[in-house]
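So the chains spell out like this:
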Amino acid sequence: MKFKKKTLSNGVRLILVPMPNSLTTTVLVLTETGSKYETKRINGVSHFLEHLCFKGTVKRPSAKAISEELDGLGASYNAFTGHEYTGYYAKAEARHFKKILDVVSDVYLNGTFPKEEIEKERGVIIGEIQMYEDNPQRDVWDSFTELLYGNQPAGWPIAGTRQTIREISRNDIVRYKQKNYIASGTVVVVAGKCDEKEAAREVADMFAEIPKSKKASKKKIKDTQKKSNILVKHKKTSQTHLILGFRGYPAGHKDASALSVLAGILGGGMSSRLFHRIREQLGAGYYVSAEAEMFTDHGFFAISTGIDNKRVSEILRAIVDEVRIIKNNSVAKNELQKVKNYLIGNLFSGLETSHARALFYGLTEVLGEKLKTPQEHADEIQKVTAQDISRVARFILKIKHGNIALIGPATKRDEKKLLQLLAV
């Protein structure tokens with residue numbers, strides 16, 4: 001699983017991930033901008049812009065023209081927006097590499113943003129926001145980041161709000177793109193079966209005219225906390241969706257692998273401690289997981305579950321109990337190795353396609369981490385010791401500084417009870 005990285009003369013970074021036995025090639029173009037680069041007034045503009053890039057270019061004057069060309073190649077394609085990046089990709093048979101590169105680069109560079117399409121897309125995005133709000137398992141994550149970071153970019157929803165989407169203008173969108181879709185902030189990944197020299201030549205040609213202005217910066221995140229917090233979104237739901245989370249590490253931290261193993265022990269797979277406790281022993285809910293999310297300048301560790309409305313206090317108490325156990329007791333050798341095998345196996349099995357390989361390297365690059373092969377990541381996981389787990393657990397899992405985000409029919413009295421569980 002080797003790769004090559006080079007910086008083109010104009011500053012665009014190119015990552016080539018050759019897969020000689022692959023039947024497909026993926027082209028992924030990423031820009032180092034997302035909702036953390038926005039102001040409050042234009043919150044959601046990164047995601048709005050992502051939608052509009054598919055609405056037409058000079059060469060392909062409509063959304064239909066773009067989709068018909070890609071569909072005609074048998075391509076799978078889409079785009080996505082995060083807090084710190086926006087990505088556009090297409091995957092097709094390897095023989096169509098030049099064509100999908102041409103389309104993806106055109107969409108990324110040459111959107112025309114017709115006013116009528118902007119007005120239509122407002123309604124589409126507001127519908128998307130409503131869809132998220134109708135899914136409490138998804139919506140609770142927006143509540144969680146709002147609780148952690150409050151009124152700063154990391155705490156705002158990636159999709160924006162109804163109000164900001166209604167008020168963002170075409171000039172806002174154009175200015176934002178001019179400021180952020182530039183050479184030094186662009187990463188192009190070509191993964192799959194391809195001629196490496198040809199791929200490098202074609203990418204250099206397609207991105208020759210990309211603007212070379214100075215890269216925009218984002219505000220530093222305020223990431224401090226002195227007490228436990230709770231944010232409840234009161235809603236009539238058939239079950240309560242809950243996240244208990246803690247402040248974590250940024251991307252590239254020396255203990256990132258240890259934190260990932262810690263997450264695996266608590267909530268990775270059906271043999272994890274929390275799955276066994278909450279689902280198998282208590283029969284309280286269908287899903288439970290633990291995960292570590294890392295960004296360029298901050299991160300968090302979160303345990304999420306969906307549980308019976310009448311058993312929220314009981315289950316939160318059980319989660320806190322498991323957190324205390326892993327902080328105060330060393331992990332057994334056989335359990336530690338089982339979790340390492342689980343993480344490494346999932347890492348490798350998840351990287352079998354050209355699309356997955358492109359995302360693996362591309363997202364690592366835009367988050368400012370050192371590029372490593374999957375085997376290097378696996379080696380780092382294998383080096384994690386039980387002592388590392390104990391040290392990281394004690395540093396991260398500070399129960400009295402815990403954060404509870406919840407969507408369900410909880411009352412104000414319930415909120416006080418839940419916070420008290422973190423104070424004991």
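The shown structure was predicted, so the numbers you read here are calculated from the model rather than taken from an experiment. (Residues numbered from 1 in each chain as written. Predicted model: local features only at pLDDT ≥ 70, side-chain atom pairs only at ≥ 80, totals over all residues. Heavy atoms only, no water.)

Chemist: Can you explain the packing of helix H2 (residues 63–72) against helix H3 (residues 97–109)? Please cite residues and give values.
Modeler: In the contact formed by H2 and H3, the axes pass within 10 Å of each other and the chain directions differ by 155 degrees. The angle between H2 and H3 places the two elements in the roughly antiparallel class. Like other packed secondary-structure pairs, H2 and H3 cross with a definite hand, here left-handed. Residues Ile66, Glu69 and Leu70 of H2 form the contact with H3, whose participating residues are Ile100, Val103 and Val107. Of the residues assigned to the contact of H2 with H3, the class counts are five nonpolar, no polar and one charged. (Axes fitted to C-alpha atoms, helices over the stretch in contact; angles between N-to-C directions. Helix = DSSP H or I, 4+ residues; strand = E, 2+ residues; numbered from the N terminus. Parallel < 35°, antiparallel > 145°, perpendicular 65-115°, else oblique. Left-handed = near helix turned anticlockwise from the far one by under 90°. Contact = heavy atoms within 4.5 Å. Nonpolar A, V, L, I, M, F, W, Y, C, P; charged D, E, K, R; others polar.)

Chemist: Could you give an account of helix H12 (residues 333–349), naming the residues involved and the relevant values?
Modeler: With 17 residues, H12 should cover 24 Å at 1.5 Å per step; its first-to-last C-alpha distance of 24 Å lies within 8% of that length. For H12, every residue scored as buried is listed here: Glu335, Leu336, Val339, Lys340, Leu343, Ile344 and Leu347. Projected onto a plane normal to the axis of H12, the buried residues spread over an arc of 160 degrees and lie on a single side. Looking at the buried residues of H12, the elements they touch are helix H9 (256–267), helix H10 (273–281), helix H13 (354–366), helix H14 (374–382) and helix H15 (386–396). (Expected span 1.5 Å × (residues − 1). Buried < 20%, exposed > 50% of the residue type's maximum accessible area, 1.4 Å probe, protein only. Arc of directions from axis to C-beta.)

Chemist: Lay out the environment of Glu50 in plain terms, naming residues and giving numbers.
Modeler: With respect to the element layout, Glu50 can be found in helix H1 (residues 45–52). According to the relative accessible area criterion, Glu50 is buried, its value standing at 7%. Counting along the chain gives 178 residues from Glu50 to Ser228, while the straight-line C-alpha distance between them is 36 Å. What Glu50 contacts, discounting residues up to four positions off in sequence, is Ala79, Phe80, Thr81, Thr86 and Tyr88. Side chain to side chain, Glu50 and Thr81 meet in a polar contact 2.5 Å long. (Polar contact = N/O pair within 3.5 Å; in protein donor to acceptor, adjacent residues only side chain to side chain.)

Chemist: Break down the sheet that holds strand E8 (residues 240–247) for me, with residues and values.
Modeler: Taken in spatial order, the five strands of this open sheet run E7-E11-E8-E10-E9, and their pairing is mixed. Here the strands that pair on one side only, and so sit at the sheet edges, are strand E7 (229–234) and strand E9 (285–294). In this sheet, neighbouring strand axes are inclined to one another by 10 degrees on average, regardless of whether the strands run parallel or antiparallel. In this structure, E9 lies alongside strand E10 (residues 299–307), joined through eight bridges in antiparallel fashion. By the bridge assignment, Glu293 is partnered in E10 with Phe300. Seen against the sheet, helix H5 (residues 136–149) touches E7, E8, E9, E10 and strand E11 (403–408) and runs at an angle of roughly 145 degrees to E11. (Pairing = 2+ DSSP bridges.)

Chemist: Any chance you could break down unusual backbone geometry for me, citing the residues and the numbers?
Modeler: Backbone geometry places Phe113, a non-glycine residue, at a positive phi of 50 degrees. As for its placement among the helices and strands, Phe113 is situated in the loop between H3 and helix H4 (115–133).

Chemist: Hey, could you go over the pairing of strand E6 (residues 186–192) for me, with residue numbers and the actual values?
Modeler: Of all the seven residues making up E6, seven are buried; the element is thus mostly covered by neighbouring parts of the structure. Of the pairings in the sheet, the one linking strand E2 (residues 13–18) to E6 comprises six bridges and is parallel in character. Within the sheet, the bridge partner assigned to Pro18 lies in E6 and is Gly192. In terms of strand pairing, strand E3 (residues 24–31) meets E6 through seven bridges, oriented antiparallel.

Chemist: Residue-level account of the pattern of salt bridges, with values.
Modeler: Following the criterion strictly, the structure yields 34 salt bridges and no others. Linking Glu84 and Lys218 is a salt bridge whose minimum nitrogen-to-oxygen distance equals 3.8 Å. With Glu84 in the loop between strand E4 (76–81) and strand E5 (86–93) and Lys218 in the loop between helix H8 (196–206) and E7, this pair connects stretches of sequence that are 134 residues apart. The class of Lys218 is partly exposed, set by a relative accessible area of 25%. Ionic pairing is found between Arg162 and Glu133, a salt bridge with its closest N-O pair at 2.7 Å. Placement of Arg162 in helix H6 (residues 162–167) and of Glu133 in helix H4 is noted, with a sequence separation of 29 residues between them. When salt bridges that share partners are traced, they join Lys5, Arg13, Glu32, Lys215 and Glu365 into one network. (Salt bridge = Lys/Arg side-chain N within 4 Å of Asp/Glu carboxyl O.)

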